[in-house]
Amino acid sequence: SQTIHQWPATLVQPVGSPLSLECTVEGTSNPNLYWYRQAAGRGLQLLFYSIGIDQISSEVPQNLSASRPQDRQFILSSKKLLLSDSGFYLCAWSKLAGFTDTQYFGPGTRLTVL
Amino acid sequence: GQQLNQSPQSMFIQEGEDVSMNCTSSSIFNTWLWYKQDPGEGPVLLIALYKAGELTSNGRLTAQFGTTRKDSFLNISASIPSDVGIYFCAGRSNAGNNRKLIWGLGTSLAVNP
């Protein structure tokens, strides 16, 4: 069976510091990978999605970037965090197979920028 | 970006009551998904729908893919305290980049024991 991991689970960072969040998927190959941000416990905002290694699309211009150095690894980064970067960051994966491209989520990372 | 119209925004019910929530879209969808999110956790898939008119159950949960392909509803029967959480609908249209799901803003459910 497939599993998705995210770390760290929680993170408190000062404004202006760098960020690196990691997501890994086990039990599947060539997954589509996604980064979402959820603010105030409501509404999922798609930040990035990736259909393969080094193939990443950005949905929203922002202070963040994403990389996919390996097939099942997806990293969310920032060089300098802003207060507005606080939120709950969710990684998800899907296996494109016709119309059954259902997304499965990781446990999330709670980021607080002070 | 595009969003689904999900209602109600929140619900406060007594244990044992039935719950109904729905999502509507301005465009035709070929997939409807319903997720539940517990506090501090990632959303968990409840039900996936792929055909217009499809009615699918998962225990006390039932969801339907609207015949117009522009709406879906989720029913929870005989609610229990562990049903508390935020329920999200998500869908995928035929147009554009279909790797992206369009999300509702969620229905927050509170159950009074």
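Residues numbered from 1 in each chain as written. Chains lettered and ligands numbered in written order. Predicted model: local features only at pLDDT ≥ 70, side-chain atom pairs only at ≥ 80, totals over all residues. Heavy atoms only, no water.

Let us now look at the overall build of chain B. The secondary structure content of chain B amounts to 0 helices and 11 strands. Along its sequence from the N terminus, chain B presents helices and strands in the succession β-β-β-β-β-β-β-β-β-β-β. Against the globule reference of 13 Å for 113 residues, chain B gives a C-alpha radius of gyration of 14 Å, in line with a compact fold. For the C-alpha atoms alone, the extent of chain B along its principal axes is close to 45 × 30 × 20 Å. In chain B, buried positions account for 43% of the 113 residues. At a minimum sequence separation of 6, the contacts of chain B that also span at least 24 residues come to 54%. Within the structure as shown, chain B displays about 5,100 Å² of accessible surface, and the carbon and sulfur contribution to it stands at 50%. (Helix = DSSP H or I, 4+ residues; strand = E, 2+ residues; numbered from the N terminus. Rg over C-alpha atoms; globule rule 2.2 N^0.38 Å. Buried < 20%, exposed > 50% of the residue type's maximum accessible area, 1.4 Å probe, protein only. Contact = heavy atoms within 4.5 Å. Areas by Shrake-Rupley, 256 points an atom, 1.4 Å probe, with all protein chains shown as cover.)

Here the focus is the overall build of chain A. Within chain A one finds 0 helices and 11 strands. The helix and strand sequence of chain A, counted from the amino end, reads β-β-β-β-β-β-β-β-β-β-β. Rg of the C-alpha trace for chain A: 14 Å, near the compact-globule value of 13 Å for 114 residues, within the 12% margin. By its C-alpha atoms, chain A is 40 × 25 × 20 Å across when sized along the principal axes. Residues counted as buried form 48% of the 114 residues belonging to chain A. Relative to all contacts within chain A whose residues are 6 or more apart in sequence, the contacts with residues 24 or more apart total 55%. Summed over its atoms, the accessible surface of chain A is roughly 5,200 Å², and 56% of this surface lies on carbon and sulfur atoms. The average position of the 8 basic charges and that of the 7 acidic charges among the side chains of chain A differ by 7 Å. (Lys, Arg positive; Asp, Glu negative; His and termini not counted. Charge placed at Lys NZ, Arg CZ, Asp CG, Glu CD.)

Below, the discussion takes up the pairing of strand S6 (residues 55–58) of chain A. All names here are of chain A. As judged from the 4 bridges shared by strand S5 (residues 42–52) and S6, these two strands associate in the antiparallel manner. When the sheet's bridge partners are listed, Phe 48 is paired in S6 with Ser 58. Linking S5 to S6, which pair antiparallel, is a turn of 2 residues; within it Asp 54 sits at a positive phi near 60°. (Pairing = 2+ DSSP bridges.)

Next up on the list: the interface of chain A and chain B. Facing 24 residues of chain A, the contacting portion of chain B comprises 26 residues. Here chain A meets chain B over a buried area of about 1,900 Å², counting both sides, of which 54% is carbon and sulfur. Connecting chain A to chain B are 0 salt bridges. Our enumeration of links across chain A and chain B arrives at 4 residue pairs in polar contact (both at pLDDT 80 or more). Among the elements that make up the side of chain A that touches chain B, the one with the highest residue count is S5 of chain A (6 residues). Here the residues of the side of chain A that touches chain B are counted per class, giving 13 nonpolar, 8 polar and 3 charged. (Buried area = accessible area lost by both parts, 1.4 Å probe. Salt bridge = Lys/Arg side-chain N within 4 Å of Asp/Glu carboxyl O. Polar contact = N/O pair within 3.5 Å; in protein donor to acceptor, adjacent residues only side chain to side chain. Nonpolar A, V, L, I, M, F, W, Y, C, P; charged D, E, K, R; others polar.)

Tallied over the full model, the rule gives 2 disulfides over all chains. A disulfide bridge connects Cys 23 of chain A with Cys 91 of chain A, and the sulfur atoms are separated by 2.0 Å. Note on the Cys 23 of chain A and Cys 91 of chain A pair: the S-S dihedral is about -75°, so by sign convention the disulfide is left-handed. Taken as a pair, Cys 23 of chain A in strand S3 (residues 19–26) and Cys 91 of chain A in strand S9 (residues 87–94) lie far apart in primary sequence, 68 residues in all. Between Cys 23 of chain B and Cys 89 of chain B runs a disulfide, and the two sulfur atoms are separated by 1.6 Å. (Disulfide = S-S within 2.5 Å.)

Moving on, we come to the sheet that holds strand S1 (residues 3–7) of chain A. Residue and element names in this part refer to chain A. Reading across from one edge, S1-S3-S8-S7 is the order of the 4 strands in this open sheet, with antiparallel pairing throughout. In the strand order of this sheet, the two ends are held by S1 and strand S7 (65–70), each with one partner. Across the sheet, the mean angle separating the axes of adjacent strands is 20° when strand polarity is ignored. Pairing analysis gives 4 bridges linking S7 to strand S8 (residues 73–78), with the strands arranged antiparallel. The partner of Ala 66 across the bridge, within S8, is Leu 76. (Axes fitted to C-alpha atoms, helices over the stretch in contact; angles between N-to-C directions.)

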